[in-house]
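Read off the chains here:
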Amino acid sequence: MAAVRTKGEMLRHRLSIISLLVILALFLAPIFWITATAFKPRNLATTVPPTVFFQPEFSPFVKLMTKRSQLRSAPTAEVYNAAPWWEQTVFDGGEKVVRSGKGEVQLSGFPSRFLNSLIIAITSTVLAVGMGTITAYGFSRFKVAGEDDWLFFILSTRMLPPVVVAIPMFLMYRVVGLNDTHLGLIILYTAFNLSFSVWLMKGFIDEIPKEYEDAALVDGYTRMQAFFRIVLPEAATGIAATAVFCFITAWNEYAFALIMTNKRAQTAPPFIPSQVGSGLPDWTVIAAGTFLFLVPVAIFTFLLRNHLLRGMSFGAIRK
Amino acid sequence: MTQIELRNVNKFFGAVQVIKDVSLTVNDREFVVFLGQSGCGKTTTLRAIAGLETVDSGEILVGGVPVQDTRAEDRDIAFVFQSFALYPHLTVYENMAFPLRAVGTPKAEVDVTVRRVAGVLQISGLLKRRPSALSGGDLQRVAIGRALVRNPKAMLMDEPIGSLDAKLREEMRVELKRLHVEQGSTTIYVTHDQIEAMALADRIVVMHAGVLQQVGTPEEIYTNPVNLFVAQFVGSPVMNVCDVVVGDGVVTLAGAAEGFAMPQALTQQLQAKVTLGIRPEALEVVLEPSAGAIGAEVHLVESLGSHDIVDLRIGQALVRARTRAGLVSGPGLRVYVKADASRAHFFDEAGQSLGIRV
């Protein structure tokens, strides 16, 4: 329903739309920049002024995924024509893809790092949201002695910056053999996200009227059944919102990942900048890595967008 | 079905005692209404019977079996909530099937039962809808339907029509009465609305501050209130209560020149100072002086269509009388009032009825 607006209000409305567009452009500019760079030929990546119109190509992604070496001389026509299209794009850039003795393409470190990121972020999100929901339910529905103190204690685990605890954590992890393992990072991220998850979920569960559970109890269900059949579906919005936040935190985490891992369980965030390396950096490859790194969060958030929007405004209005 | 019995039930919330030594028997197939102001402990008592609240001492028996230590899900008692508490993510059909699924009823039987109950409640056309798409009255029917489907030992209702608008409330009241007559389930109904209580109840239980004040049929409660609380809580407009001086065959309101004539047999039993309670319909207003009528000044007239409520000043006291519509033209008029001695109530200083009647 559109309410009647005065001229002043119309003007303000237009001004706010314009300022929103400006803010949007400001926030989207780096994403556009990275995306454009990820599809540029290497020689156009760092031109001044920047190249806006160019023939997009996939060589940065091929180079991101494979091991390469500099070409000393141009490949013969025979070799060039025999190569698949994606390998030809690498030749065009003056490099060649490293193959093993049997002719198999050697992968770079990126695919495994990307997979590590997925495994660690998804697992830790599931754990943090699951445990957080159950804990929040307990705090929301039962009298817990010293409830406020406990909740503050849970939150306080989030108060120290990661860098402060990283060194002691690293030493402890090394002793118990958790450094550079998936499990190590999963535990770390779960613990890190749990406080956030408990607090957020408590807010959502507090909003669900207790009477639904009372009704389920008199309908003949146990409290556990009521939790799974009534509370969980009702909390779906909150769970989705919490999951997005936890996933983004775990996915983007840099400091712990840098310190705790180096190869086996390394995630994408510390890996991508390591490709800047020495000598002339290939910015298109880094942009391609960054672009791919953006995609899962974008997909995840997009899938849950309806829940998320409801989740953000949840509790703002009393029913 | 089932008899429900409370024996010396006590319940505390922290230091506050919300149920004080309540003992009560609700007979099989009886419709009992808990009536009282909000915070009087009526809902807590109901929730304790359902198993949603624990009691600190005393026994609750359902069908002769103590259940105070039995979990809510094992008591087989249905509960209709004031907010309806329909599960928003389930359709009407699923909401009504929910209690049946709890006990693993076969699918075909669930379907038959849900459709039969929906038919009784005239909500067959709504089965595929979500609660958010229903009106208040339909929500209420579904909530009752969910309670009825599994044939519970007893039905407990916590102000089930309290959130509906006045007209719908009246309709639903009739429907609830009809349902109770048809289904014959033992029912306890909580309300703060005395009209609802009078209309529905076989017996009314008046509660105040966690204590049972009076248990009786609507007529008993109305005509023989045991104390001032019950007297003033039941009946609309509220019973007039005034301090009076008792003379020989006359009862005078404080500050008034003349008193109401009452039989000597009555006044002889009374002490000099008591509290008189008299309902507005027991006061008769006449425009001309007549025998036994005392003078009064009209203070306010409320026209209600079928009748008028007239506020009268007699001495220092303000009393309300019910008159036929249009009898008294407006404020400031001098009128004359007679009291029906057979409908006068007398209370002691503590507000307890003296039980002295004509």
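Residues numbered from 1 in each chain as written. Chains lettered and ligands numbered in written order. Predicted model: local features only at pLDDT ≥ 70, side-chain atom pairs only at ≥ 80, totals over all residues. Heavy atoms only, no water.

## Some thoughts on the overall build of chain A
No. 1: When helices and strands are tallied, chain A shows 15 helices and two strands.
No. 2: Counting only C-alpha atoms and orienting by the principal axes, one finds that chain A spans roughly 80 × 70 × 40 Å.
No. 3: Counting all 319 residues of chain A, 39% fall into the buried class.
No. 4: When the 28 positive and 20 negative side-chain charges of chain A are each reduced to one mean point, those points stand 5 Å apart. (Helix = DSSP H or I, 4+ residues; strand = E, 2+ residues; numbered from the N terminus. Buried < 20%, exposed > 50% of the residue type's maximum accessible area, 1.4 Å probe, protein only. Lys, Arg positive; Asp, Glu negative; His and termini not counted. Charge placed at Lys NZ, Arg CZ, Asp CG, Glu CD.)

## Here's the deal with the sheet that holds strand S5 (residues 65-66) of chain B
The pairing of strands in a sheet happens through backbone hydrogen bonds and is either parallel or antiparallel.
Residues and elements named next belong to chain B.
No. 1: As summarised here, the arrangement of the four strands in space is S2-S1-S4-S5, forming an open sheet in which the pairing is antiparallel. The sheet terminates laterally at strand S2 (16-26) and S5, the two strands that pair on one side only.
No. 2: Bridge count for strand S1 (residues 4-13) against strand S4 (residues 57-62) is five bridges, and the pairing is antiparallel. Its bridge partner being in S4, Arg7 is matched across the sheet by Glu59.
No. 3: Of the strands in this sheet, S1, S2 and S4 touch helix H1 (residues 42-50), which is tilted by about 115° from S1. (Pairing = 2+ DSSP bridges. Contact = heavy atoms within 4.5 Å. Axes fitted to C-alpha atoms, helices over the stretch in contact; angles between N-to-C directions.)

## Quick look at the interface of chain B and chain A
Much of the literature gives interface size as the accessible area that the parts lose upon coming together.
No. 1: With 20 residues of chain B in contact, the opposing surface of chain A contributes 16 residues.
No. 2: Looking at the side of chain B facing chain A, the largest losses of area belong to B:Glu73, B:His89 and B:Phe98, adding up to 32% of the total buried there.
No. 3: Where chain B touches chain A, the interface holds two salt bridges.
No. 4: For the pair chain B and chain A, the number of links is 11 residue pairs in polar contact (both at pLDDT 80 or more).
No. 5: Among the elements that take part in the side of chain B that touches chain A, helix H2 (residues 92-102) of chain B stands out by supplying four residues, more than any other.
No. 6: Looking at the side of chain B that touches chain A residue by residue, the classes come out as 13 nonpolar, two polar and five charged. (Buried area = accessible area lost by both parts, 1.4 Å probe. Salt bridge = Lys/Arg side-chain N within 4 Å of Asp/Glu carboxyl O. Polar contact = N/O pair within 3.5 Å; in protein donor to acceptor, adjacent residues only side chain to side chain. Nonpolar A, V, L, I, M, F, W, Y, C, P; charged D, E, K, R; others polar.)

## Focus: the pattern of salt bridges
If the charged atoms of two oppositely charged side chains come close together, the side chains can form a pair.
No. 1: The tally for this structure, following the rule as stated, stands at 27 salt bridges over all chains.
No. 2: For A:Glu95, the salt bridge identified is with A:Arg68, shortest N-O distance 3.0 Å. Of this pair, A:Glu95 sits in strand S2 (residues 95-97) while A:Arg68 is found in strand S1 (residues 68-70), placing the two residues 27 residues apart along the sequence.
No. 3: Accessibility expressed as a relative area gives 7% for A:Glu95, which makes it buried.
No. 4: On the basis of relative accessibility, which here comes to 27%, the residue A:Arg68 falls in the partly exposed class.
No. 5: Here B:Arg320 makes a salt bridge to B:Asp311, at a shortest N to O gap of 3.0 Å.
No. 6: In this structure, a network of salt bridges that share partners links the residues A:Arg42, A:Lys63, A:Arg68, A:Glu95 and A:Asp282.

## Topic: the sheet that holds strand S7 (residues 154-158) of chain B
Residue and element names in this part refer to chain B.
No. 1: Here six strands make up an open sheet; going across it, the order is S6-S7-S8-S3-S9-S10 and the pairing mixed. In this open sheet, the two strands that pair with only one neighbour each are strand S6 (77-80) and strand S10 (211-216). Sheet twist, expressed as the average angle between the axes of neighbouring strands with direction ignored, equals 20°.
No. 2: As judged from the four bridges shared by S6 and S7, these two strands associate in the parallel manner. Counted as the bridge partner of Ala78 is Met155 from S7.
No. 3: In the packing of helix H4 (residues 136-148) onto the sheet, contacts are made with S6 and S7, and the angle to S6 comes to roughly 175°.

## Description of the domain arrangement of chain B
All names here are of chain B.
No. 1: Segmenting chain B into domains produces domain 1 (4-233) and domain 2 (240-347).
No. 2: Placing the centre of domain 1 and that of domain 2 at their C-alpha centroids yields a distance of 40 Å.
No. 3: Taken together, the contacts link eight residues of domain 1 with six residues of domain 2.
No. 4: For the pairing of domain 1 and domain 2, the buried interface totals around 610 Å² over both sides, and the portion due to carbon and sulfur atoms is 58%.
No. 5: Where domain 1 packs against domain 2, one counts zero salt bridges.
No. 6: Taken together, domain 1 and domain 2 are joined by two residue pairs in polar contact (both at pLDDT 80 or more).
No. 7: Of all the secondary-structure elements, those providing two or more residues to the side of domain 1 that touches domain 2 are helix H7 (218-223) and helix H8 (228-233).
No. 8: Along the lines of polarity and charge, the residues of the side of domain 1 that touches domain 2 split into five nonpolar, three polar and no charged. (Domains from an automatic or database assignment.)

## Overview of the packing of aromatic side chains
No. 1: For the coordinates displayed, the defined rule picks out 24 aromatic pairs over all chains.
No. 2: Ring geometry for A:Phe114 against A:Trp251: centres 5.7 Å apart, planes inclined by 85°, an arrangement best described as edge-to-face. Highlighted residues: A:Phe114 in helix H5 (residues 110-141) and A:Trp251 in helix H11 (residues 236-252), separated in sequence by 137 residues. Comparing A:Phe114 with A:Trp251 shows no difference in burial state: the two are buried.
No. 3: Taken together through their ring pairs, the aromatic side chains of A:Phe110, A:Phe114, A:Phe247, A:Trp251, A:Phe271, A:Phe293 and A:Phe300 make up a single cluster.
No. 4: Here the basic side chain of A:Arg158 rests over the ring of A:Phe192, its NZ or CZ set 4.4 Å away from the ring centre.
No. 5: Positioned above the aromatic ring of B:Tyr222, the side-chain terminus of B:Arg279 is 3.9 Å from the ring centre. (Phe/Tyr/Trp six-rings, centres within 6.5 Å; stacked < 30°, edge-to-face > 60°. Lys NZ or Arg CZ within 6 Å of the ring centre and 35° of its normal.)

## Considerations on the environment of B:Val241
No. 1: For B:Val241, the location among the structural elements is in strand S11 (residues 240-247).
No. 2: Each C-alpha atom, one on B:Val241 and one on B:Val319, is 8.0 Å from the other, the two residues being 78 residues apart in sequence.

## Looking at the environment of B:Gly259
All names here are of chain B.
No. 1: Assignment of secondary structure puts Gly259 in the loop between strand S12 (250-253) and strand S13 (260-261).
No. 2: By relative accessible area, which is 16% here, Gly259 ends up buried.
No. 3: Measuring from C-alpha to C-alpha, the distance between Gly259 and Tyr222 comes to 25 Å, with 37 residues separating the pair along the chain.
No. 4: Sequence-distant contacts of Gly259, that is, excluding residues within four places in its chain, are made with Val250, Val251, Thr252 and Ile294.

## Structural notes on the environment of A:Leu308
No. 1: Mapped onto the fold, A:Leu308 is located in helix H15 (residues 305-313).
No. 2: Between the alpha carbons of A:Leu308 and A:Phe271 there is a distance of 30 Å; along the sequence they are 37 residues apart.

## Quick word on the pairing of S4(B)
Residue and element names in this part refer to chain B.
No. 1: Relative to S5, S4 runs antiparallel, the two sharing two bridges. Across the sheet, residue Leu61 finds its bridge partner in S5, namely Pro66.
No. 2: The antiparallel hairpin formed by S4 and S5 contains two residues in its connecting segment, where Gly63 sits at a positive phi of about 60°.

## Observations concerning the domain arrangement of chain A
All names here are of chain A.
No. 1: Domain boundaries in chain A define domain 1 (7-38), domain 2 (61-97) and domain 3 (110-313).
No. 2: If you average the C-alpha positions of domain 1 and of domain 3, the two centres end up 30 Å apart.
No. 3: Taken together, the contacts link five residues of domain 1 with seven residues of domain 3.
No. 4: It is Ile34, Thr37 and Ala38 that lose the most area in domain 1 upon contact with domain 3, and together they represent 76% of the buried surface on that side.

## So, helix H7 (residues 162-176) of chain A
Residue and element names in this part refer to chain A.
No. 1: An ideal rise of 1.5 Å per residue puts 21 Å on 15 residues; H7 measures up with 20 Å between its terminal C-alpha atoms.
No. 2: Every buried residue of H7 is listed here: Ala166, Met169 and Tyr173.
No. 3: At its buried positions, H7 is contacted by helix H8 (182-207) and helix H12 (255-260).
No. 4: Of the residues trailing H7, Gly177 is marked for its positive phi of about 75°. (Expected span 1.5 Å × (residues − 1).)

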